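Structural overview for review
For reference, the chains in residue letters:
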Amino acid sequence: MAYTMDASCFHCSVCLDFYNDPVSTPCGHNFCKLCIERYWDSTDESRCPLCKEMFHKRPELKINIAFKEVVDHFKITSEGPVTGGETREAKAGEVACDACTGVKLKAVKSCLVCVGSYCESHLEPHKTAAALSTHKLIEPVRNLEDRICKKHKKILELFCKKDDTFICQICAETDHSRHRVVMAEAASQHKMIQIKRRGREVELMIQDRQKRIEEINHSRSQTKVNAQKEMEASVQVFTSVMQSIKETHAELMEKIEARHDAEQKRLEELIKELRQEIDELERKSDELQQLSRIEDHITLVEAFNQTYPLPSTQNWPRIPVNGVDFLGYIRTSLINAREFIDLEIKQQSAAELKKVQKCAEDITIDPDTAGPWLIVSEDGKEVRQSPKKQKVPAGPARFTENTFAVATQGLTSGRHYWEVGVKGKSNWTLGVAFGTLTRRGNVTSSPENGLWTVGHRDGQYLVYTQNPIPLKLSPLPQRVGVFVDYEESQVSFFDVGAEAHIFTFTKCNFTDRVYPVFDPCVAIEKKEVAPLKIMMVEITK
């Protein structure tokens, strides 16, 4: 008995239409090449949509030439002969021939002069009759009356750039005679250029966000490693002390884990937000690609204003994703413990100093900020007391009463470290100051006034707050290290020679740019000439 092939044999099981560039999977099933690729792109696995067989490696698919020829032959024999275009009944959503009576065939062209759409057969007069050969034919579209000027009943074949609208020839000679007018095709081409440019911009934005995701994932991994190292170090520290500080140890572990969990959560939220932006940008990319495929210039321009604007996105390069090193966590817990762990605190401080010294930067002092009692060296590395008050140019950056000077570099993110020599100085103050700090008149050094500083005055070391906190330092520091962690809102001070921690300001209200600040102070002994000197950092071994 003869076998009759059913039309369903030539239909893709994904799109349910005739195969287009058919390919075969290793399991033997056939699909349109585009359908199966889109199906696999939408999932994390490569499976057959029919038998669900899993492919551990995504198969490389090639078009089945022989099967494609069979499918194409079946299309022709089932739909009838095609002469110069498709002569079949118009489906839902397709433009139908206006001249057909009874069964409406699919239109192949629309005529802007006749204001009608025609199938291949009824379009023939436009190809053969001399009177119709000059008519403007376009790809079939609905609502042809919208392509005709309602005022003059002429083709909208021009575009007014000033009014951003399509016009006819009579409009151009009357109402728009003083406006810049171009052919509609030229306007379409210009918009196409903008679409392609915006498409490239979107692609770059997607690549940038993918790069940020990679950075965040690296930061997550680094944070996890650092957290693990810090917890292991804490075990070694707290197993050497008395049973009485177990509670302190437990509090430290909870603090590290809480900070780790908070950072992981923050980074996960950043990734989620980045993926959402990528999804929006990819949708925008698809829209722009679809827009670029529109051949009709009027449809293109009308769709342009809705599709061209970019979705709202974050300014990602300003969002920090550095790995958390948990600097100072163990030290803070040890300080709250008893005196017998002072040696362990010293060891932890030395290790912390080695870490922060890796964040060393080349800091220079801005002479235009120095008060009239100060002298700044030409290289910006020293500031000293002047023998007498100087005449200096006035300016909003200069301190008028305080013996302050700030660095040229402002800090807005990240970690920064520098060292200052204080040898031979009887009085000095070091730290950071807000860029918006008042510079006219006398300013008291305290966090409330935008200054986070420590110093030496009248034989006493002090932490400058509204009520200064005295410090007991032994031996006396000859070189002071200053460390700023902008994201952690901390400013730490170290005695570099003793490898000891001096003090840390926590929960600093950094809402703007901060600057390293230097104050050699006006000494009682007028003969003092020793400067505050920014030193080259040598990492402690």
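Along each chain, numbering runs from 1 in the same order as the chain's sequence is written. For a predicted model such as this one, the threshold for reporting local features is a pLDDT of at least 70, and the threshold for listing and counting side-chain atom pairs is 80 or more; totals across whole chains, interfaces and linings nevertheless cover every residue. To get the side-chain values, all heavy atoms of the structure are used, and hydrogens and water are removed first.

Regarding the sheet that holds strand β20 (residues 514-519)
To keep things clear, this is the line we draw: We treat two strands as partners when DSSP finds at least two bridges between them. Here a strand is any run of E in DSSP of at least two residues, a helix any run of H or I of at least four, and the numbering for each starts at the N terminus.
Pairing is antiparallel across the open sheet formed by six strands, whose spatial order is β11-β20-β13-β14-β15-β16. On the outer flanks of this sheet lie β11 (405-406) and β16 (469-471), each paired with one strand and no other. Judged from the two bridges that link them, β11 and β20 form a sheet pairing that is antiparallel. The residue of β20 that forms the bridge with Ala-405 is Phe-518.

A closer look at the layout of surface pockets
The criterion, for reference: Only protein atoms enter the 1 Å grid, on which a cavity is a set of points fitting a 1.4 Å probe that cannot get out and a pocket is an open set with protein on both sides within 12 Å along at least 5 of 7 lines, lining residues being those with an atom within 4 Å of a point. Grid points are joined across faces, edges and corners, and a volume is the space filled by probe spheres set on the points.
There is about 410 Å³ of room inside the second largest pocket. Lining the second largest pocket are 17 residues, with Glu-230, Asp-325, Leu-327, Ala-351 and Lys-355 sitting closest to its centre. Breaking the lining of the second largest pocket down by element, the ones donating at least two residues are α5 (184-238), α8 (329-335) and α9 (342-357).

Notes on a negative patch on the surface
As a reminder of what qualifies: A patch is a set of surface residues, each over 30% in relative accessible area and not in a salt bridge, joined within 9 Å for like charges and within 5 Å for the nonpolar side chains Val, Leu, Ile, Met, Phe, Trp and Tyr. Note that accessible areas follow from Shrake-Rupley with a 1.4 Å probe, and for residues the cover is restricted to the protein chains shown. A pairing counts as a salt bridge when a side-chain nitrogen of Lys or Arg comes within 4 Å of a carboxyl oxygen of Asp or Glu. Counting rule applied: Lys, Arg positive; Asp, Glu negative; His and chain ends not counted. Where a charge lies is defined by one atom per residue type, namely NZ (Lys), CZ (Arg), CG (Asp) and CD (Glu). Exposure categories follow from relative accessible area, calculated using a 1.4 Å probe and restricted to protein chains: below 20% of the type maximum is buried, above 50% is exposed, and the middle band is partly exposed.
A grouping of Glu-203, Asp-279, Glu-280, Glu-282 and Asp-286 is seen on the molecular surface, where their side chains present a negatively charged patch. Sorting elements by how many residues they give to the negative patch places helix α6 (residues 246-292) first, with four residues. Secondary-structure assignment places Glu-282 in helix α6. You can call Glu-282 partly exposed: its relative accessible area is 34%.

Brief notes about empty space enclosed by the protein
Definition in use: Classification convention: Asp, Glu, Lys, Arg as charged; Ala, Val, Leu, Ile, Met, Phe, Trp, Tyr, Cys, Pro as nonpolar; all other residues, Gly among them, as polar.
Inspection of the entire model under this criterion finds one cavity of 30 Å³ or more. The computed volume of the largest cavity comes to approximately 70 Å³. Lining the largest cavity are Val-324, Asp-325, Phe-326, Leu-327, Tyr-329, Arg-415, Phe-483, Asp-485, Glu-488 and Gln-490. Considered class by class, the residues forming the lining of the largest cavity number five nonpolar, one polar and four charged.

Things to note about the packing of α6 against helix α7 (residues 297-307)
Filter applied, for reference: Orientation is described by axes fitted as lines to C-alpha atoms, over the contacting stretch for helices, and by angles from 0 to 180 degrees between their N-to-C directions. In these notes the angle categories are as follows: under 35 degrees is roughly parallel, over 145 is roughly antiparallel, 65 to 115 is roughly perpendicular, and the rest is oblique. Contact between two residues is taken to exist if any of their heavy atoms lie within 4.5 Å; hydrogens are not considered.
The interhelical angle for the contact between α6 and α7, taken along N-to-C directions, is 170°, at an axis separation of 10 Å. Considering their axes alone, α6 and α7 lie roughly antiparallel with respect to each other. Between α6 and α7, the contacting residues are Lys-284, Glu-287, Leu-288 and Leu-291 on the first element and Leu-300, Ala-303, Phe-304, Gln-306 and Thr-307 on the second. Considering only residue class, the contact of α6 with α7 consists of five nonpolar, two polar and two charged.

With respect to unusual backbone geometry
Of note, the amide linkage connecting Ser-474 to Pro-475 takes the cis form, showing an omega dihedral of 0°. Within the fold, Pro-475 resides in the loop between β16 and β17 (479-485). Positive phi, close to 55°, is recorded for Asp-458, a residue that is not glycine. Relative to the helices and strands, Asp-458 resides in the loop between β14 (451-457) and β15 (460-464). In this structure Asp-458 comes out as exposed when scored by relative accessible area, which is 59%. Positive phi, close to 55°, is recorded for Ser-489, a residue that is not glycine. Assignment of secondary structure puts Ser-489 in the loop between β17 and β18 (490-495).

Observations concerning the side chain of Ser-234
Going by this rule: In the analysis that follows, any N or O atom pair within 3.5 Å is treated as a polar contact, provided that within protein one partner can donate a hydrogen and the other can accept it, and provided that, for residues neighboring in sequence, both atoms belong to side chains.
The topology assignment puts Ser-234 in helix α5. Residue Ser-234 is classed as buried on the basis of its relative accessible area, which comes to 0%. Among the polar contacts made by the side chain of Ser-234, one reaches the main-chain carbonyl oxygen of Met-231 at a distance of 2.6 Å. Discounting residues that sit within four places of it in the chain, Ser-234 has contacts with His-249, Leu-252, Met-253 and Ile-330.

Section: the confidence of the model for the protein chain
As a reminder of what qualifies: Each residue carries a pLDDT value, the predictor's own confidence for that position, ranging from 0 to 100.
Residues of the protein chain with pLDDT of at least 70 account for 93%, and the chain-wide mean is 85. β17 holds the highest mean pLDDT among the elements of the protein chain, 97, whereas helix α2 (residues 65-79) holds the lowest, 73.

Let's talk about the sheet that holds strand β9 (residues 374-376)
With antiparallel pairing, the seven strands of this open sheet are ordered in space as β9-β10-β21-β12-β17-β18-β19. The open sheet has two edge strands, β9 and β19 (500-505), and neither has a second partner. Pairwise comparison of adjacent strand axes, ignoring direction, gives a mean angle of 25° for this sheet. Here β9 runs beside strand β10 (residues 382-385); their pairing, made up of three bridges, is antiparallel. When the bridges of β10 are listed, Val-376 appears paired with Val-383.

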